[in-house]
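# What the coordinates show
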Amino acid sequence: MSTYHVENFGCRATQADGAALARQFEARGLAPAPGAQADFVILNTCTVTNSADQDARAAVRRVRRQNPLAKIIVTGCYAQRAPAELSALPGVTAVVGNSHKHQLAELVLDETVGNAPAFFPVSGLTGSRGLRDVSSIFVSDIFAHTELLAAPVFESANSAGAEANDRTRPNLKIQDGCDNRCSFCVIPSVRGQSRSLPAHEVIREMNALVAAGYREVVISGINLGRWGRDLADNSQLSALGEPRKSDAGRGTPNFESLIRAILSETQLEKLRISSVEPMDWSDDLISLVASSRRIAKHAHVPLQSGSDAVLRRMRRKYRPWHYREKIEKIRAAMPAAAIGADVMVGFPGESDAEFESTRRLIEDLPFTYLHVFTYSARPGTPAAAMPKQVPVHVARERNKILRDLAAAKKQAFMQSFIGKRMDAITLSAVQARHDGEFTEALTDNYQKLFLKGRHEANRWTSARIVGMEDSALLGSMQG
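The rules behind the values
- Residues numbered from 1 in each chain as written.
- Predicted model: local features only at pLDDT ≥ 70, side-chain atom pairs only at ≥ 80, totals over all residues.
- Heavy atoms only, no water.
- Pairing = 2+ DSSP bridges.
- Helix = DSSP H or I, 4+ residues; strand = E, 2+ residues; numbered from the N terminus.
- Axes fitted to C-alpha atoms, helices over the stretch in contact; angles between N-to-C directions.
- Contact = heavy atoms within 4.5 Å.
- Salt bridge = Lys/Arg side-chain N within 4 Å of Asp/Glu carboxyl O.
- Buried < 20%, exposed > 50% of the residue type's maximum accessible area, 1.4 Å probe, protein only.
- Core = buried A, V, L, I, M, F, W, Y, C linked by side-chain atoms within 4.5 Å.
- Expected span 1.5 Å × (residues − 1).
- Arc of directions from axis to C-beta.
- Parallel < 35°, antiparallel > 145°, perpendicular 65-115°, else oblique.
- Left-handed = near helix turned anticlockwise from the far one by under 90°.
- Nonpolar A, V, L, I, M, F, W, Y, C, P; charged D, E, K, R; others polar.

This next bit is on the sheet that holds strand β15 (residues 369-374). Taken together, the three strands give an open sheet; going across it, the order is β13-β14-β15, and neighbouring strands pair in parallel fashion. Sheet topology places β13 (298-300) and β15 at the edges, where each strand pairs with a single neighbour. The average undirected angle you get between the axes of adjacent strands in this sheet is 15 degrees. Where strand β14 (residues 338-345) lies against β15, six bridges are found, and the strand directions are parallel. Directly across from Ala341, in β15, lies its bridge partner Leu370. The sheet contacts of helix α13 (residues 392-415) involve β14 and β15, and relative to β15 the element is tilted by about 170 degrees.

Next up, the structure:
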């Protein structure tokens with residue numbers, strides 16, 4: 001039996017794509033295997049930063065060294081952006097862009113895969129207009145791409161060394177692509193226009209996960225809050241209740257209506273919503289998340305900058321005062337919610353005063369964690385050609401300032417729960433400490449918790465918080 005291995009890089013959307021790729025290969029009779037032993041090694045890449053590109057190239061070299069007989073297939077965002085660059089790397093057998101990721105197994109495997117795996121030459125493909133006429137490269141216009149890969153991905157796929165039974169919190173990608181054109185971002189050019197997984201397919205996947213015993217599911221996307229805006233009025237809307245009306249007068253489903261459908265048409269115990277852009281946190285969505293015990297109290301709201309001038313150069317669609325209003329509404333509705341943000345430092349032209357605007361806004365707002373990124377120029381983006389690129393050492397200093405500020409906010413937030421009870425889902429990792437065994441868990445509001453004793457994974461429980469250590473809470477089911 002031929003074997004495959006998928007290695008994912010980057011965001012949750014890439015992880016979800018990797019799970020769908022695994023489905024493709026398993027449907028054709030291949031078995032999963034470690035990367036050092038597999039016949040086919042699929043590197044599912046990211047290209048959001050220079051370091052992401054470097055990681056992918058390093059992975060090609062590593063696989064070639066550890067498994068010289070493997071056929072190395074590079075796919076994902078880097079493959080879509082620079083296929084010729086990747087194809088030239090020694091050991092790469094094929095490069096398959098996001099435009100053809102939904103056909104990847106079909107493209108690289110012979111129909112008689114059990115006998116002799118083989119690659120289809122580009123010239124042998126039919127109905128593939130737009131393919132580059134270069135051997136082993138399968139890339140075409142991503143904006144003509146309408147497919148959306150959907151398969152649940154589990155926490156074990158995101159963490160090196162995780163145990164096979166660490167599968168407690170599946171992540172389901174329900175939206176891909178982006179119609180925004182932020183000046184620093186390469187994602188629209190490698191993932192295409194916004195497109196949504198139809199509601200009936202979302203419900204089907206959710207019910208399958210519930211039937212398999214999963215109690216919490218995370219929904220994600222590249223621009224998650226825009227789910228449904230590309231879906232015209234059709235029979236699937238019956239699953240979503242009363243649709244809103246588009247400018248054309250046709251019903252169009254929206255993100256809030258999908259959330260209501262998940263709550264009404266599945267028995268899912270806990271739904272967690274990943275990153276949603278500021279202007280998509282409508283009053284309706286805030287109220288819905290706040291009022292339902294079945295939705296995790298967690299809001300991730302990308303900020304990028306607290307400077308109006310920088311946001312304008314970034315071509316972001318909100319201003320700092322809009323952002324402040326959204327965060328304050330979320331905190332007022334959910335006093336114990338985790339509130340996080342993505343922040344970028346070192347954007348071209350970012351002055352000391354503009355950075356100070358960002359730092360001050362973050363200091364003022366009730367964040368519980370931040371993902372801080374240093375700007376990385378991406379080829380072909382408007383920002384890459386902007387003047388006054390910020391020196392690397394300055395950007396790194398600003399990064400540290402915000403990370404230190406975020407760490408202080410996180411500590412204060414965690415401290416506020418000592419002596420209180422919190423709901424948490426148990427994971428499988430057990431740590432032995434000087435004072436006994438502890439089971440890792442995650443609270444409803446996104447805090448790592450070590451629960452005293454050994455507990456079965458994938459169970460919701462109520463714990464009393466007895467202390468904290470580093471970046472985790474300590475809890476007990478007693479008292």
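Having put the structure on the table, let's press on.
A few words on the pattern of salt bridges. What the rule picks out here adds up to 34 salt bridges. The partner of Asp17 in a salt bridge is Lys101, with the nearest N and O atoms 3.1 Å apart. Within this pair, whereas Asp17 is found in helix α1 (residues 12-27), its partner Lys101 is found in the loop between β5 (92-97) and α5 (104-108), the two being separated by 84 residues in sequence. Of the two residues, Asp17 and Lys101, both sit in the buried class. Across the salt bridge formed by Arg23 and Glu205, the nearest N and O atoms sit 3.3 Å from each other.

A word on unusual backbone geometry. Peptide bonds are mostly trans, and most non-glycine residues show a negative phi. Notably, Asn458 is not glycine yet its phi reads approximately 65 degrees, a positive angle. On the secondary structure map, Asn458 appears in the loop between β18 (448-452) and β19 (460-469). For Asp470, which is not glycine, the phi dihedral falls at a positive 55 degrees. With respect to the helices and strands, the residue Asp470 is situated in the loop between β19 and β20 (472-476).

Here we come to the nonpolar core. Counting 64 residues, the largest nonpolar core has Ile174, Phe255, Ile273 and Phe367 as its most contacted members. Sequence-distant contacts of Ile273, that is, excluding residues within four places in its chain, are made with Ile219, Leu224, Phe255, Ile259, Leu285, Val289, Ile295 and His298. Membership of the second largest hydrophobic core comes to 23 residues, among which are Ala33, Val63, Val92 and Ile137.

Moving on, we come to helix α12 (residues 352-364). Across its 13 residues, α12 extends 18 Å between first and last C-alpha, which sits within 8% of the 18 Å expected from 1.5 Å per residue. All of the buried residues along α12 are Glu354, Phe355, Thr358, Arg359, Leu361 and Ile362. Looking down the long axis of α12, one finds its buried residues gathered within 165 degrees of arc, a one-sided arrangement. Residues of α12 that are exposed and point over 90 degrees away from its buried face: Asp352 and Ala353. If you follow the buried residues of α12, they end up packed against α10 (308-314), α11 (320-333), β14, β15 and α13.

Residue placement: Ala31 occurs in strand β2 (residues 31-32). In sequence terms Ala31 and Ser2 are 29 residues apart; their C-alpha atoms lie 6.6 Å from each other. Sequence-distant contacts of Ala31, that is, excluding residues within four places in its chain, are made with Met1, Ser2, Thr3 and Tyr4.

Before going further, it helps to spend a moment on the pairing of strand β3 (residues 40-45). Of all six residues making up β3, six are buried, and the element is well covered by its neighbours. Of the two faces of β3, the one carrying Phe40, Ile42 and Asn44 and the one carrying Val41, Leu43 and Thr45 are both buried. Pairing between strand β1 (residues 3-8) and β3: five bridges, direction parallel. Across the sheet, the residue bridging to Glu7 is Leu43, located in β3.

This part is about the packing of helix α9 (residues 283-291) against α11. Contact geometry for α9 and α11: axes closest at 9 Å, N-to-C directions at 25 degrees. With respect to their mutual orientation, α9 and α11 come out roughly parallel. Note on packing geometry: the crossing formed by α9 with α11 is right-handed. Mapping the contact onto sequence places Asp283, Ile286 and Ala290 in α9 and Lys326, Lys329, Ile330 and Ala333 in α11. The class makeup of the residues in the contact of α9 with α11 is four nonpolar, no polar and three charged.

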